[in-house]
Every structure is written in C-alpha cells, then in structure tokens.
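# Structural features, examined
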Amino acid sequence: MNAAKALRALLAVMAFAPGVALAGPRVMSLDSCADQYVLALAPRDSIVGLSHRAISRDSYLRRDAAGLPLRRATFESLVAARPEVVVRLWGGDARLSKALEKKGVTTVALDDAADFDGVRANVRKVAAALDRRPQGEAIITRMDAQLARAAGAGKGRPVLYLTPGGYTAGPSTLIDALLKAAGYSNASTAPYFAPVSLESLVMKPPAAVVLGFFDGTRAGADRWGPGRHAALQKAVKTRTVASLPGTMIGCPGWFAAEASAILAEAAR
C-alpha cells in the first residue's frame, strides 16, 4: 500500500468507525521517549499504540506498557490503530507526521530538551493535546519538588559524567542540567556529548565521577566500550558518586529529576 492510499484508508476508517466512548482521544506514540509521555498522561483505554521498545529494559514506564498494543511507525500501523493524536520525538518519518497533521491527525513533536524548562514544555504540550492539563501539571509539580529537595546538595563539587561507550556530557545537555540541579558543577566544559580520552582518565582520574547506563539497559557496543575498560574502572572505583540507571537518563523526561535526587542523596 503506497502512502497516498494508506492516508485515504486511514481517514476513511476514522470517519466511519463506530463510536467508542473513551476517556480521551485515541493516541499512539512512535518511539520509546514518546511512549513515556503517552503512558504517563493518556488514559490507558485511549492508548492505541506504543513503540516496541515501550517494554524494553530502558523504558521508564515499561511495567505500565504491559498488555498495550505495540506497533511499528508505519502507515499500515497507523491505519490499523486509527489514532487521533500521534506523539513522537525521533520515531517514524517526519513526512508521515506532517501528512497526518495536514489531514486532521494531531501530531505532537517532542523537543530534545536540554534543561528542565524544556521538559516542562514537553509535558504541557502532550497534556494539552490529550486534554490532560491537570495531570501534566501534577507531573511537573512532582518533578519540581524533587529538584527543590536536591538543590545545592553537591556544594559545587566538580564531577565528570561517563558512559560505557566512553562519552561524557557538557553544557546544553539534560545531563548537565541534572548535575547542576543537584548542586554539582560539570567537569566537562565542552558543549553536548563528546568522547573522553581513556589514557588521560587512567593517568589523571577526575576527582569525582557520575556513571550513566552502566546498569546494562543498553546492549551492543557499550557492553565492551572504553568506559568499561578494567584500568579505567579501577581508576574511578573510589571516585564514583553514583551510577544512574538508563531508565532515568535515556530520554528528555521529568524522570531525570529522579537522577538528580540520587546524586543529592549520595552527596549527603
């Protein structure tokens, strides 16, 4: 089925489908980060599709995804699901989202938030599309309470963030924002994500390290990445402030505040 035929079929099904009383608009998410927002904000009986990664180990709300339909980000899946709202960060073809929006299917494009203001904006954007504004504000209130409790705990202590793949995060990343929210300063001053020198870290270990994704939620090359090198692990063993789980830092979501809370508790 080509794209034009699929779109026509989608619109026809939506126009003539028998009415079903739902607590909200029929909603589908196209990737694992969008899944978290849909699971947190949409009534369960209105969720007509999640990505296949919604039940993966690195999905923050994977338990809530159990039993819900998992679909691929294709025209055929959208025709079958008949969504009224589609939520995406990176999943699916951008042209697909634009075409559906043009034909009346609301597309909510999440931003790759680099700070907690961006997270707040994402929550409010999805909440508004699903007519769940009070639920969105409740999520933001809980997040802000966690951030308030974490504030200042690190007392300006510099820390270096490190992943199994040997990368760190600097300014203009949510990792930087969550480190600072817990009162730490970021030892990495270069913006965005960048590889770190294994040799320099072994020869001159940072005063403090925050690990990310070392819980094994991401498979593949990271399993054997430079961040897991025995010499480096030995060098940072007594300098590790905390190891943050992938479920909290893999997406630009409100749950990053939980990572700040972990760091604050470690500081105390």
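Residues numbered from 1 in each chain as written. Predicted model: local features only at pLDDT ≥ 70, side-chain atom pairs only at ≥ 80, totals over all residues. Heavy atoms only, no water.

## Side note on the layout of surface pockets
The space that makes up the largest pocket amounts to roughly 440 Å³. Along the walls of the largest pocket sit 23 residues, with Asp-112, Ile-175, Phe-193, Ile-249 and Gly-250 positioned nearest its centre. The element that contributes the greatest number of residues to the lining of the largest pocket is helix α8 (residues 174-181), accounting for three residues. (1 Å grid on protein atoms, 1.4 Å probe; cavity = no way out; pocket = protein on both sides within 12 Å on 5 of 7 lines; lining within 4 Å. Points joined across faces, edges and corners; volume = space filled by probe spheres on them. Helix = DSSP H or I, 4+ residues; strand = E, 2+ residues; numbered from the N terminus.)

## Remarks on the state of the cysteines
Within the structure shown, the criterion is met by one disulfide. The disulfide that involves Cys-33 links it to Cys-251, with 2.1 Å between the sulfurs. For the disulfide bridge between Cys-33 and Cys-251, the dihedral angle about the S-S bond is near -85°, and by the sign convention the bridge is left-handed. Of this pair, Cys-33 sits in helix α2 (residues 32-41) while Cys-251 is found in the loop between α11 (246-249) and α12 (256-267), placing the two residues 218 residues apart along the sequence. Taking the relative accessible area as the measure of exposure, Cys-33 reaches 5% and is therefore buried. Look at Cys-251 and you get buried, because its relative accessible area is 12%. (Disulfide = S-S within 2.5 Å. Buried < 20%, exposed > 50% of the residue type's maximum accessible area, 1.4 Å probe, protein only.)

## A word on the nonpolar core
Counting residues in hydrophobic clusters, the biggest one holds 56 residues, and the most contacted among them are Val-87, Phe-116, Val-119, Leu-178, Ile-249, Trp-254 and Leu-263. Ignoring any residue separated from it by four or fewer positions in sequence, one finds Leu-178 in contact with Phe-116, Leu-244, Ile-249, Ala-256, Ala-259, Ser-260 and Leu-263. By size, the runner-up hydrophobic cluster in this structure holds ten residues, among which are Met-28, Leu-30, Val-86 and Leu-96. (Core = buried A, V, L, I, M, F, W, Y, C linked by side-chain atoms within 4.5 Å. Contact = heavy atoms within 4.5 Å.)

## Considering the sheet that holds strand β2 (residues 47-49)
Here four strands make up an open sheet; going across it, the order is β2-β1-β3-β4 and the pairing parallel. Looking at the sheet topology across the chains shown, the edges are occupied by β2 and β4 (106-109). The sheet shows a mean angle of 25° between the axes of neighbouring strands, direction not considered. In this sheet, β2 lies alongside strand β1 (residues 27-29) in parallel orientation, the contact comprising two bridges. Within β2, the residue paired with Met-28 across the bridge is Gly-49. With respect to the sheet, α2 is in contact with β1, β2 and β3 (85-88), its orientation differing from that of β1 by roughly 150°. (Pairing = 2+ DSSP bridges. Axes fitted to C-alpha atoms, helices over the stretch in contact; angles between N-to-C directions.)

## A short note on the sheet that holds strand β10 (residues 240-244)
Taken in spatial order, the four strands make up an open sheet running β7-β5-β9-β10, and their pairing is parallel. Whereas interior strands pair on both sides, the edge strands pair on one side only; in this sheet they are β7 (185-186) and β10. Pairing between strand β5 (residues 158-162) and strand β9 (residues 209-212): three bridges, direction parallel. By the bridge assignment, Leu-160 is partnered in β9 with Val-209. Contacts between α12 and the sheet are confined to β9 and β10, with β10 contributing the most and set at about 155° to the helix.

## As for the pairing of β9
Of the two faces of β9, the one lined by Val-209 and Leu-211 and the one lined by Val-210 and Gly-212 are each fully buried. As defined by bridge partners, β9 adjoins β10 across four bridges and the pair is classed as parallel. When the sheet's bridge partners are listed, Val-209 is paired in β10 with Thr-240.

## Quick word on α8
Judged by how many residues are buried, α8 sits mostly within the fold: seven of eight residues are covered. Of all the residues in α8, the buried ones are Leu-174, Ile-175, Asp-176, Ala-177, Leu-178, Leu-179 and Ala-181.

Such coordinate-based values are descriptive only and should not be taken to indicate function.
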